[in-house]
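Commentary on secondary and tertiary structure
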Amino acid sequence: MFLRLLSDIHWRAANPKWRRMTCTRQSTSNAAEPHQVALPAQAQVVICGGGIMGTSVAYHLSKMGWKDIVLLEQGRLAAGTTRFCAGIVSTARQASIELKMADYSNKLYQQLEQETGVQTGYVKTGSISLAQTQDRLISLKRIASSLNVMGIPCEIITPKKVAQLHPLINIHDLVGAMYVPEDALVSSASVSLALATAASRNGVQIHERTSVSHVTVQKGRVTAIETDRGQIKCQYFVNCAGQWAYELGHAAEEAVNIPLHACEHFYILTHPLNEPLSSNLPTVVDPDGRIYIRNWQGGILSGGFEKNPKPLFTEGRNQLEIHNLQEDWDHFGTAELKRHCLLAPTNCPSFGSNCILYSSITFLSEPLLGALLRRMPDLEALQIMQLVNCPESFTPDMRCIMGESPTVQGYFVLAGMNSAGISYGGGAGKYLAEWMVNGYPSENVWPLDLKRFGTLQSSRTFLRHRVMEVMPLMCDLKVPRWDFQTGRQLRTSPLYDRLDAQGARWMEKHGFERVKYFVPPGNDLLDLGQSKTFYKPDWFDIVGSEVKCCKEAVCVIDMSSFTKFEISSTGDEALESLQYLFSNDLDVPVGHVVHTGMLNEKGGYENDCSIARLSKRSFFMISPTDQQVHCWAWLKNHLPDDSNLTMEDVTWKYTALNLIGPRAVDVLSELSYAPITPEHFPSFFCKEMSVGYANGIRVMSITHTGEPGFMLYIPIEYALHVYNEVMNMGQKYGIRNAGYYALRSLRIEKFFAFWGQDLDAFTTPMECGREFQVKLDKGMQFVGQEALLEQKQNGVYKRFTMFILEDHDTDADLWPWWGEPIFRNGRYVGKTTSSAYSYTLERHVCLGFVHHFDEKTGEELVVTTDFINQGEYEIDIAGHRFQAKAKLYPFSSFFTHRRRKDEMELSGYQGE
């Protein structure tokens with residue numbers, strides 16, 4: 001609190017304009033204060049929320065030249081979650097975009113005090129992340145590899161070095177640690193006030209004690225906001241309301257779903273030690289103990305993420321400012337207090353019901369207290385000053401939420417920081433400001449985009465249950481391909497029960513249940529369902545047998561989760577519009593399927609899809625599962641407002657079965673009584689057929705894997721019948737079920753890129769070898785055309801490349817999963833984007849982009865074919881480098897089934 005008050009004084013002293021705009025704070029009520037400055041009647045941007053996110057957005061927008069900005073805070077600036085933030089700025093993040101945000105934040109905060117004159121409490125302490133197990137150490141090594149190639153100093157250290165850096169740490173159970181010397185501590189409220197000071201000096205109007213009650217939307221666009229002090233007309237609205245963002249999102253004519261939910265979060269503040277801790281002592285994160293520890297005024301601040309979190313604020317609006325929430329004496333049980341009390345009763349006359357420890361039972365219990373005492377045994381005699389219980393907002397996938405609403409143009413969101421708000425605040429505000437000013441951020445933020453969620457993730461019950469799983473996962477070891485356990489069986493195929501009974505093991509994508517693989521009878525189902533490792537997984541042989549069947553016989557994969565749209569018109573409007581929005585030529589004969597990209601002005605992929613021409617004026621579009629919201633919003637925003645043009649989301653109307661393998665043609669021929677030879681049914685062709693008793697089945701000669709076969713799009717009421725018919729007829733051809741893990745192996749060994757993982761809004765067809773899918777020579781105008789013409793003339797600065805690991809032992813070595821650094825001739829040139837074991841090549845295959853940097857200046861240079869082919873490559877897996885062979889084209893000569901070149905190149909993939 002002292003730091004908060006001090007920063008208040010410094011900020012107002014440094015900003016006379018602010019003194020004229022505000023008055024003495026008297027209460028936490030929302031009543032208008034006597035000297036409040038009137039709100040403007042209109043503004044370009046209104047930001048709701050005066051915490052670290054809102055002030056960061058205001059700061060960066062004003063830095064980029066936007067001045068007509070109003071920031072509204074319903075209480076006091078930085079008096080929400082920001083006020084109670086632990087102030088730890090950590091760059092140790094697994095996702096690349098989160099790492100970049102945290103690194104930018106650290107650098108921003110370092111110079112903010114000098115820029116504004118507001119003391120921010122910035123101290124570069126460094127951080128130590130501890131590992132009690134070898135798996136945890138592997139996870140830290142993977143993070144360290146990413147940090148080092150980003151230019152952030154980082155090293156894996158021994159337990160002995162941990163003791164040297166932090167003498168109070170008990171190292172007896174450690175196997176190693178990660179040390180990041182550039183990490184820091186700040187006063188989070190002071191940082192927010194410093195950002196507000198700079199924004200105010202740049203012309204941003206800031207009004208406290210002002211609540212937003214409603215967002216006015218007309219014709220799908222923000223036009224004004226209503227407050228308890230009047231209306232403000234605006235073009236843009238930014239929801240930075242933190243834990244209240246969910247409710248505020250629904251305060252509009254058209255709801256904006258913002259899936260987050262708050263949980264209680266606890267930490268303790270202690271009195272200074274007898275020998276006060278140094279202010280630059282490293283922060284300690286003990287994920288296996290579920291705690292973090294930092295210096296605080298000579299004592300410590302320590303918190304954690306318990307296994308049984310408490311959701312809160314499930315309905316309605318709440319107090320204007322966050323206060324220390326009420327302690328819950330029964331959350332863990334009073335017995336723990338008696339065993340672990342840090343104050344001897346003889347030294348504490350108030351021991352009992354008046355003792356702060358007694359009333360702070362929620363934190364002071366196993367495992368958090370026990371973990372703290374084991375990690376710092378010298379704290380046995382330490383006195384607790386205060387228990388802090390504050391709300392933290394969590395999201396369904398543990399990543400923050402940013403971006404423009406898919407339903408309301410001009411409505412932007414930045415919220416749901418998952419207890420990392422101070423680390424992300426600077427970078428997140430920067431990217432959102434770029435998004436608003438330029439139309440896109442400077443980095444790929446798809447993993448954080450609001451449009452990755454659908455309305456189904458905004459159910460209050462779903463959020464309440466999911467955040468109870470998410471909060472403990474902040475510390476749990478996340479090995480590759482782990483799955484959430486809550487909020488499952490939400491979206492299922494009609495075949496779910498049938499597949500589940502046959503041994504399906506499930507994963508979830510965009511709320512949709514999808515099969516990973518099928519466990520054969522007699523296998524240990526429990527072990528396979530809980531396989532967690534960075535090494536060769538238990539399902540290795542199972543997936544291998546599914547891949548073999550796809551190549552030698554026939555397999556069925558339920559791919560109903562595909563996003564499916566129908567676009568049609570009464571005239572030529574559909575064709576003309578799609579020709580402009582897609583890079584490939586869609587003016588093809590009826591019945592043909594075109595694989596194409598939906599590009600932005602920079603030529604980057606907003607979507608990667610297949611489009612079948614059903615009739616002269618009707619098209620059937622198939623996109624990746626998680627494109628359902630994003631693709632719909634993009635098309636709605638870019639298609640002309642024409643009553644003759646209609647678009648319908650038919651994802652739920654069709655079950656999709658992928659029939660893969662050389663015997664697929666035999667199965668389909670017998671079921672349809674129709675010729676399925678290449679002459680009658682060429683590649684990339686679509687026919688409406690009868691299969692069994694069911695008619696109206698859209699059959700496409702495409703499998704998204706490069707293997708022969710067909711996709712069957714079945715009206716949902718016929719799904720079970722068609723599946724049964726296919727399985728019964730396929731018995732004599734060796735048919736079996738298969739899952740997405742087999743699909744992934746097939747597509748990666750065929751060098752097929754996947755949108756959202758390999759392809760993104762910053763990747764063009766020229767950079768990933770798909771220039772043949774672009775109609776540059778057709779004389780047709782389309783979005784992204786100018787950028788592609790420029791690349792064709794000047795060359796590209798990154799190239800999608802396949803890597804085959806050469807000295808890697810599949811059984812003994814760590815596996816590549818994705819995100820591993822790529823080195824060429826010893827120099828870092830990029831990261832892998834996909835990885836899988838190829839059962840055909842009997843080696844690991846990695847896909848990724850190679851860049852070319854000038855060795856002296858660091859400037860990006862054009863990447864040529866010779867540059868790729870003449871290099872010696874290594875893939876870094878958790879600090880160990882493995883030799884790799886680079887290729888720009890598939891290793892087709894290794895495959896049992898050679899395909900025609902056009903089929904190999906054109907087979908699109910939207911499967912993961």
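Our structure is the block above this text.
To keep things clear, this report deals only with the structure shown in the data block. Note that the coordinates shown come from a computational prediction; the quantities given were computed from them, not determined experimentally.

1. Thoughts on the overall build of the protein chain
Along the backbone of the protein chain there are 25 helices and 40 strands. Split into buried and exposed, the 912 residues of the protein chain put 62% on the buried side. Taking the contacts inside the protein chain whose residues are at least 6 apart along the sequence as the reference set, 73% of them involve residues at least 24 apart. With an accessible surface of roughly 34200 Å², the protein chain has 48% of that area assigned to carbon and sulfur atoms.

2. Points about the packing of aromatic side chains
What the rule picks out here adds up to 27 aromatic pairs. Measuring from ring centre to ring centre gives 5.3 Å for Trp-66 and Tyr-236, while their planes differ by 40 degrees; the resulting arrangement is tilted. On the criterion of sequence distance, the pair formed by Trp-66 in the loop between α3 (52-63) and β2 (69-72) and Tyr-236 in strand β12 (residues 230-239) is long-range, its members being 170 residues apart. Each member of the pair, Trp-66 together with Tyr-236, is buried. The interplanar angle of 50 degrees and the centroid separation of 6.3 Å between the aromatic rings of Tyr-292 and Phe-305 together place this pair among those described as tilted. Of this pair, Tyr-292 sits in strand β15 (residues 291-296) while Phe-305 sits in the loop between β16 (299-304) and β17 (311-312), placing them 13 residues apart in sequence. For the pair Tyr-292 and Phe-305, a shared accessibility class is recorded, and that class is buried. Through a chain of ring-to-ring contacts, the aromatic side chains of Tyr-517, Trp-539, Phe-540, Tyr-741, Trp-815, Trp-817, Tyr-837 and Tyr-839 assemble into a single cluster. The positively charged end of Arg-221 is found above the aromatic ring belonging to Tyr-236, 5.7 Å away from the centroid.

3. Brief notes about the packing of helix α20 (residues 664-672) against helix α21 (residues 719-730)
At a minimum axis separation of 10 Å, α20 and α21 run at an interaxial angle of 120 degrees. Between α20 and α21, the interaxial angle falls into the category oblique. Seen along the crossing, α20 lies across α21 with a hand that is right-handed. Mapping the contact onto sequence places Val-667, Glu-670 and Leu-671 in α20 and Glu-725, Val-726, Met-729 and Gly-730 in α21. Considered class by class, the residues forming the contact of α20 with α21 number 4 nonpolar, 1 polar and 2 charged.

4. Points about the sheet that holds strand β4 (residues 123-124)
Through backbone hydrogen bonds, the strands of a sheet pair up, either in parallel or in antiparallel fashion. Within the open sheet, the 3 strands sit side by side as β3-β8-β4. Their pairing is antiparallel. A single partner strand is all that each edge strand has here, and the edge strands are β3 (88-89) and β4. Taken together, the 2 bridges between β3 and strand β8 (residues 184-185) define a ladder with antiparallel strand orientation. By the bridge assignment, Val-89 is partnered in β8 with Ala-184.

5. Concerning unusual backbone geometry
Phi is positive for Ser-419, which is not a glycine, with a value near 65 degrees. Counting through the fold element by element, Ser-419 comes out in the loop between β20 (411-415) and α13 (421-438). A relative accessible area of 26% means that Ser-419 is categorised as partly exposed. Residue Phe-751 is not a glycine yet carries a positive backbone phi of 65 degrees. Within the secondary structure layout, Phe-751 lies in the loop between α22 (740-749) and α23 (785-794). Given a relative accessible area of 12%, Phe-751 falls into the buried group.

6. Observations concerning helix α5 (residues 96-116)
Taking 1.5 Å per residue as the helical rise, α5 with its 21 residues ought to reach 30 Å, and the 30 Å between its terminal C-alpha atoms agrees with that figure. A bend of about 30 degrees at Gln-110 is the largest found in α5. All buried positions along α5 are accounted for by Ile-97, Glu-98, Leu-99, Met-101, Ala-102, Asp-103, Ser-105, Asn-106, Leu-108, Tyr-109, Leu-112 and Thr-116. Backbone geometry just downstream of α5 places Gly-117 in the positive-phi region, at approximately 80 degrees.

7. Let's talk about helix α18 (residues 573-581)
Burial analysis of α18 places 7 of its 9 residues in the buried class, which makes it a mostly covered element. Close packing links the buried residues of α18 with β24 (563-569), β25 (593-599), β26 (605-615), β27 (618-623), α19 (628-638) and β28 (645-649).

8. As for the side chain of His-595
Its place among the elements puts His-595 in strand β25. Within the structure, the side chain of His-595 is placed 3.1 Å from the side chain of Asp-608, a separation counted as a polar contact.

9. A word on the sheet that holds strand β29 (residues 654-660)
Sheet architecture is open: 6 strands sit in the order β30-β31-β32-β29-β23-β33, paired in mixed fashion. Edge strands, defined here as strands with exactly one partner in the open sheet, are β30 (686-691) and β33 (736-737). Where strand β23 (residues 555-558) and β29 come together, 4 bridges link them in antiparallel fashion. Among the inter-strand pairings, Val-556 is bridged to a residue of β29, identified as Leu-659.

10. Let's talk about the pairing of strand β35 (residues 821-824)
Covered by surrounding structure in β35 are Pro-821 and Phe-823 together with Ile-822 and Arg-824, the residues of both alternating faces. Here β35 pairs with strand β36 (residues 827-838) via 4 bridges, running antiparallel. Directly across from Arg-824, in β36, lies its bridge partner Arg-827. Turn length for the β35-β36 hairpin, with the two strands adjacent in sequence and antiparallel, is 2 residues, and the turn residue Asn-825 shows positive phi of about 50 degrees. Of the pairings in the sheet, the one linking β35 to strand β39 (residues 873-877) comprises 3 bridges and is antiparallel in character. Looking across to β39, one finds that Phe-823 is bridged to Glu-874.

11. As for the nonpolar core
Ranked by size, the top nonpolar core spans 50 residues in total, and within it Val-45, Ile-47, Leu-61, Tyr-109, Val-238, Met-402 and Leu-414 carry the most contacts. Those elements that provide at least two residues to this core are β1 (42-48), α3, β2, α5, α8 (188-201), β12, β20 and α13. Sorting elements by how many residues they give to this core places α13 first, with 8 residues. Contacts of Val-238, omitting those with residues within four sequence positions, involve Val-45, Val-46, Ile-47, Cys-48, Val-57, Phe-412, Leu-432 and Met-436. Grouped together as the second largest cluster of nonpolar side chains are 39 residues, Cys-555, Val-593, Cys-686 and Ala-742 included.

12. Observations concerning the pattern of salt bridges
This structure, assessed with the given rule, holds 33 salt bridges. Measuring nitrogen to oxygen at the nearest pair gives 3.1 Å for the salt bridge that ties Lys-732 to Glu-670. With Lys-732 in the loop between α21 and β33 and Glu-670 in helix α20, the pair connects residues that are 62 residues apart, well separated along the chain. Its relative accessible area of 26% is what places Glu-670 among the partly exposed residues. Residue Glu-707 pairs with Lys-750 through a salt bridge whose shortest N-O separation is 2.6 Å. In this pair, Glu-707 is assigned in the loop between β31 (694-700) and β32 (709-715) and Lys-750 in the loop between α22 and α23, connecting sequence segments 43 residues apart. As far as burial versus exposure is concerned, Glu-707 and Lys-750 are alike and both buried.

Rules used throughout
Residues numbered from 1 in each chain as written. Predicted model: local features only at pLDDT ≥ 70, side-chain atom pairs only at ≥ 80, totals over all residues. Heavy atoms only, no water. Helix = DSSP H or I, 4+ residues; strand = E, 2+ residues; numbered from the N terminus. Buried < 20%, exposed > 50% of the residue type's maximum accessible area, 1.4 Å probe, protein only. Contact = heavy atoms within 4.5 Å. Areas by Shrake-Rupley, 256 points an atom, 1.4 Å probe, with all protein chains shown as cover. Phe/Tyr/Trp six-rings, centres within 6.5 Å; stacked < 30°, edge-to-face > 60°. Lys NZ or Arg CZ within 6 Å of the ring centre and 35° of its normal. Axes fitted to C-alpha atoms, helices over the stretch in contact; angles between N-to-C directions. Parallel < 35°, antiparallel > 145°, perpendicular 65-115°, else oblique. Left-handed = near helix turned anticlockwise from the far one by under 90°. Nonpolar A, V, L, I, M, F, W, Y, C, P; charged D, E, K, R; others polar. Pairing = 2+ DSSP bridges. Expected span 1.5 Å × (residues − 1). Bend = angle between axes of the 7 residues up to and from the residue. Polar contact = N/O pair within 3.5 Å; in protein donor to acceptor, adjacent residues only side chain to side chain. Core = buried A, V, L, I, M, F, W, Y, C linked by side-chain atoms within 4.5 Å. Salt bridge = Lys/Arg side-chain N within 4 Å of Asp/Glu carboxyl O.

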